[in-house]
Protein chains: 2
Amino acid sequence: MSTVKGARARARTEITAAIKDEARRQLAKEGAAKLSLRAVARELGMVSSALYRYFPSRDELLTALITDAYDSLGEAAESAHEAVAGAEPLVRWTAVCEAVRAWALAHPHEYALIYGSPVPGYSAPRTTVPAAARVGLVLIGIVRDAHERGELAVPPLPPELLGEAGRMTAELAPGLPSEAGAALVAAWAQLFGLVGFELFGHFNRVVEDREPFFRHAVVRLAHGVGLRPARPEGPGALTERT
Amino acid sequence: MSTVKGARARARTEITAAIKDEARRQLAKEGAAKLSLRAVARELGMVSSALYRYFPSRDELLTALITDAYDSLGEAAESAHEAVAGAEPLVRWTAVCEAVRAWALAHPHEYALIYGSPVPGYSAPRTTVPAAARVGLVLIGIVRDAHERGELAVPPLPPELLGEAGRMTAELAPGLPSEAGAALVAAWAQLFGLVGFELFGHFNRVVEDREPFFRHAVVRLAHGVGLRPARPEGPGALTERT
DNA sequence: CTCGAACGAGAGCACTGCTCTCTCTCGCGC
DNA sequence: GCGCGAGAGAGAGCAGTGCTCTCGTTCGAG
């Protein structure tokens with residue numbers, strides 16, 4: 001139903017897309033702080049006021065870019081996951097995590113937009129939620145699959161966390177052992193801590209050889225949510241007991 | 001030598017401090033994006049150009065605030081550590097981590113300034129390094145102490161990470177087992193991942209009861225660097241085998 | 001005591017987001 | 001087939017920004 005529409009509506013969506021494209025280009029080049037509506041309009045050969053027919057404010061444009069960025073990252077994670085669909089859970093977990101890192105390194109300013117400091121007044125609107133959830137859903141899917149194979153061994157939780165963990169699991173990952181929700185959310189936040197620290201320069205002069213460092217950290221995160229290698233594959237590589 | 005100085009120099013440092021104070025006030029109220037040199041000057045009863053006698057640019061002012069924020073956070077961590085100086089390493093570890101979280105929740109915009117997206121062109125100047133290192137040094141100290149007590153059990157590393165881990169340990173925490181450096185850096189990044197996610201709203205509608213969640217996650221981080229409870233103190237609270 | 005350095009004021013430049021008004025044109029409903 | 005209104009773009013303008021430059025004044029080190 002959205003394919004057939006008047007020429008006017010078609011032009012509108014086309015121009016909207018062109019504006020977002022140019023904005024994304026500026027975002028990638030200079031960062032969110034220097035994204036200027038006037039510059040976008042200038043580049044598109046229109047006057048700045050005309051742009052307000054498409055986006056009611058600069059923040060609104062940024063919000064659109066945020067949603068797109070979440071989707072782009074989510075898609076990267078999902079396709080990385082599909083590329084190793086047959087492998088054991090631990091391998092898929094690291095593949096997805098490395099896809100997240102790779103996307104972040106390739107799109108630093110977009111990553112900063114979604115996982116850095118919140119730009120506008122506060123907290124992005126509800127529309128971004130589904131896009132933002134995609135990476136998390138992939139990780140949950142991996143853990144669920146491991147659970148169904150009977151390979152999941154989630155570490156125990158202290159008693160004061162059991163209630164909250166059960167609630168989180170019921171809401172995010174129903175069917176999994178009740179400790180899994182809390183473990184997953186923690187791993188999720190820690191994953192982005194690792195990526196963010198590398199991207200924002202906190203690893204400068206600290207971590208040099210980042211690829212193996214990240215890879216190992218991510219395996220440890222997997223252990224934290226209960227994923228274990230089905231059988232050791234490398235001599236010692238994935239066999240730490242913790 | 002810095003105590004006795006001319007009235008002019010005294011006035012200069014006083015005014016510099018007043019500018020930073022007012023800037024910090026605006027930063028806390030509106031965030032870094034809306035920090036305006038003109039508004040600071042206005043509030044101080046001076047004209048904007050006069051402010052350039054003290055800070056050559058807005059970015060320079062922000063850099064000063066960044067250093068101060070690192071110092072403030074570092075001091076919070078250090079004094080939290082001193083407050084539990086006698087306790088066993090695991091307790092001290094969680095105390096410091098919780099101090100970091102508390103500071104972040106109390107100073108969200110300053111936290112965003114130092115651990116959110118880098119604001120200016122890129123990567124803060126060298127002057128911020130010592131201030132930025134303070135939290136890390138406290139954590140390293142705790143681990144070192146555990147090591148000297150013979151209570152440290154750092155999990156093994158995959159072979160391809162041994163070289164880099166040794167280098168990191170030698171540079172950051174000489175004397176510790178060579179795996180410790182990598183484990184510490186990973187825990188450090190993950191700690192700030194947890195704090196940042198909570199602060200930037202990624203836990204909204206996901207984690208409700210955040211205090212015990214954070215506490216447990218931080219205990220897990222401690223396990224990751226090799227800290228174990230000397231003897232179980234609560235019934236099961238800190239006794240997960242990981 | 002003097003002269004230069006430090007200081008503050010003010011005007012001004014180029015830029016920003018955003019609003020308002022004006023005109024024109026396109027295409028939908030009749 | 002046509003008229004008219006909604007949608008689109010242009011332009012001027014407002015309030016604000018960072019930053020520069022010039023110009024008196026004033027303070028204090030030599």
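Cut-offs applied
- Residues numbered from 1 in each chain as written.
- Chains lettered and ligands numbered in written order.
- Predicted model: local features only at pLDDT ≥ 70, side-chain atom pairs only at ≥ 80, totals over all residues.
- Heavy atoms only, no water.
- Helix = DSSP H or I, 4+ residues; strand = E, 2+ residues; numbered from the N terminus.
- Buried < 20%, exposed > 50% of the residue type's maximum accessible area, 1.4 Å probe, protein only.
- Contact = heavy atoms within 4.5 Å.
- Areas by Shrake-Rupley, 256 points an atom, 1.4 Å probe, with all protein chains shown as cover.
- Near = heavy atom within 4 Å.
- Polar contact = N/O pair within 3.5 Å; in protein donor to acceptor, adjacent residues only side chain to side chain.
- Nonpolar A, V, L, I, M, F, W, Y, C, P; charged D, E, K, R; others polar.
- Salt bridge = Lys/Arg side-chain N within 4 Å of Asp/Glu carboxyl O.
- Axes fitted to C-alpha atoms, helices over the stretch in contact; angles between N-to-C directions.
- Parallel < 35°, antiparallel > 145°, perpendicular 65-115°, else oblique.
- Expected span 1.5 Å × (residues − 1).
- Phe/Tyr/Trp six-rings, centres within 6.5 Å; stacked < 30°, edge-to-face > 60°.
- Lys NZ or Arg CZ within 6 Å of the ring centre and 35° of its normal.
- Buried area = accessible area lost by both parts, 1.4 Å probe.
- Least-squares fit on C-alpha atoms with pLDDT ≥ 70 in both.
- Core = buried A, V, L, I, M, F, W, Y, C linked by side-chain atoms within 4.5 Å.

1. Focus on the overall build of chain A
Counting its secondary structure elements, chain A contains ten helices and zero strands. Ordering the α and β elements of chain A from the N terminus gives α-α-α-α-α-α-α-α-α-α. In chain A, buried positions account for 50% of the 242 residues. At a minimum sequence separation of 6, the contacts of chain A that also span at least 24 residues come to 69%. For chain A, the accessible area works out to roughly 11200 Å², and carbon and sulfur atoms hold 54% of it.

2. Some remarks on the protein's contact with DNA strand D
What surrounds DNA strand D is a group of 22 residues, the closest being Ser49 and Arg53 of chain A together with Arg38, Arg42 and Arg58 of chain B. Close to the protein, within 4 Å, the atoms of DNA strand D belong to sugar or phosphate groups at a rate of 44%. Within the backbone of Leu35 of chain B, an N or O atom sits 3.5 Å from a phosphate oxygen of DNA strand D. Taking Ser36 of chain B, its side chain carries an N or O atom lying 3.0 Å from a phosphate oxygen of DNA strand D. Along the lines of polarity and charge, the residues of the surface near DNA strand D split into nine nonpolar, five polar and eight charged.

3. Observations concerning the pattern of salt bridges
Residues and elements named next belong to chain B. All told, the structure shown has 28 salt bridges over all chains when counted by the stated rule. In this structure, the salt-bridge partner of Glu78 is Arg134, at a minimum N-O distance of 2.7 Å. Highlighted residues: Glu78 in helix α4 (residues 58-83) and Arg134 in helix α7 (residues 129-148), separated in sequence by 56 residues. Ionic pairing is found between Glu98 and Arg215, a salt bridge with its closest N-O pair at 2.9 Å. A residue pair is termed long-range when its members are at least 10 positions apart, and Glu98 in helix α5 (residues 89-106) and Arg215 in helix α10 (residues 210-225) qualify at 117 residues.

4. Quick notes on the protein's contact with DNA strand C
Of all residues adjacent to DNA strand C, which total 23 residues, the nearest are Leu37, Arg38 and Arg58 of chain A together with Ser49 and Arg53 of chain B. Counted by atom, the contact set of DNA strand C within 4 Å of the protein is 44% sugar and phosphate. Take Ser36 of chain A: an N or O atom from its side chain is 3.0 Å from a phosphate oxygen of DNA strand C. Broken down by secondary-structure element, the contributors of at least two residues to the surface near DNA strand C are α1 (7-30), α2 (37-43) and α3 (48-51) of chain A together with α1 (7-30) and α3 (48-51) of chain B. For the surface near DNA strand C, the residue count by class is nine nonpolar, six polar and eight charged.

5. Observations regarding unusual backbone geometry
Residues and elements named next belong to chain A. Of note, Arg205 is a non-glycine position whose phi angle comes to about 60°, a positive value. Considering the arrangement of structural elements, one finds Arg205 in the loop between α9 (180-199) and α10 (210-225). Taking relative accessible area as the criterion, Arg205 reaches 61% and is therefore assigned exposed.

6. Here's the deal with the packing of α1 of chain A against helix α6 (residues 108-115) of chain A
All names here are of chain A. At a minimum axis separation of 7 Å, α1 and α6 run at an interaxial angle of 95°. By the angle between their directions, the pair α1 and α6 is classed as roughly perpendicular. Across from Arg24, Leu27, Ala28, Lys29 and Glu30 in α1, the residues of α6 making contact are His109, Glu110 and Leu113. Here the contact of α1 with α6 is built from residues that sort into three nonpolar, one polar and four charged.

7. Regarding helix α5 (residues 89-106) of chain A
Spanning 18 residues, α5 of chain A covers 26 Å between terminal C-alpha atoms, matching the ideal 26 Å at 1.5 Å per step. Burial analysis of α5 of chain A places 13 of its 18 residues in the buried class, which makes it a mostly covered element.

8. Some remarks on the packing of aromatic side chains
For the coordinates displayed, the defined rule picks out 22 aromatic pairs over all chains. Every member of this aromatic cluster is reached through a ring pair, and the members are Tyr70, Tyr111, Tyr115, Trp188, Phe192 and Phe200 of chain A together with Phe197, Phe203 and Phe213 of chain B. The ring of Phe214 of chain A is capped by Arg101 of chain A, whose NZ or CZ atom sits 5.4 Å from the centre of that ring.

9. Observations concerning the interface of chain B and chain A
With 51 residues of chain B at the interface, the matching set in chain A holds 54 residues. For the pairing of chain B and chain A, the buried interface totals around 4500 Å² over both sides, and the portion due to carbon and sulfur atoms is 66%. Its largest share of buried area at the contact with chain A, chain B owes to Gln190, Phe197 and Phe213 of chain B, together 12% of the area lost on that side. Seen at the junction of chain B and chain A, the total is zero salt bridges. Remark: the boundary between chain B and chain A carries nine residue pairs in polar contact (both at pLDDT 80 or more).

10. Focus: the relation of the copies chain B and chain A
Expressed as a screw transformation, the operator carrying chain B onto chain A has a rotation angle of 180° and an axial translation of 0.0 Å, and the superposed copies differ by an RMSD of 0.1 Å. Such a turn and shift between the copies fits a two-fold axis. Closest approach to the rotation axis among the C-alpha atoms of chain B is made by Gly193 of chain B, whose C-alpha sits 1.7 Å away. Both copies contact each other with a shared surface, as 100% of the interface residues of chain B are interface residues in chain A too.

11. Some points on the nonpolar core
Of all hydrophobic cores here, the largest spans 149 residues; its most connected members are Trp93 of chain A together with Trp93 of chain B. Those residues in contact with Trp93 of chain B that sit more than four places away from it in its chain are Leu139, Ile142, Val143, Leu184, Ala187, Val218, Leu221, Ala222, Val225 and Leu227 of chain B.

12. Quick word on the environment of Ala131 of chain A
Residues and elements named next belong to chain A. Looking at where Ala131 falls in the secondary structure, it is placed in helix α7 (residues 128-148). Each C-alpha atom, one on Ala131 and one on Glu75, is 9.5 Å from the other, the two residues being 56 residues apart in sequence. When sequence neighbours within four positions are dropped, the list of residues in contact with Ala131 reads Thr67, Tyr70 and Asp71.

13. Section: the packing of α1 of chain B against α4 of chain B
All names here are of chain B. Packing of α1 against α4 brings their axes to within 10 Å, and their N-to-C directions diverge by 80°. The angle between the axes of α1 and α4 places the two elements in the roughly perpendicular class. Along the contact surface, α1 presents Ile19, Lys20, Ala23, Arg24 and Leu27, while α4 presents Leu61, Ala64, Leu65 and Asp68. Broken down by class, the residue content of the contact of α1 with α4 amounts to six nonpolar, no polar and three charged.

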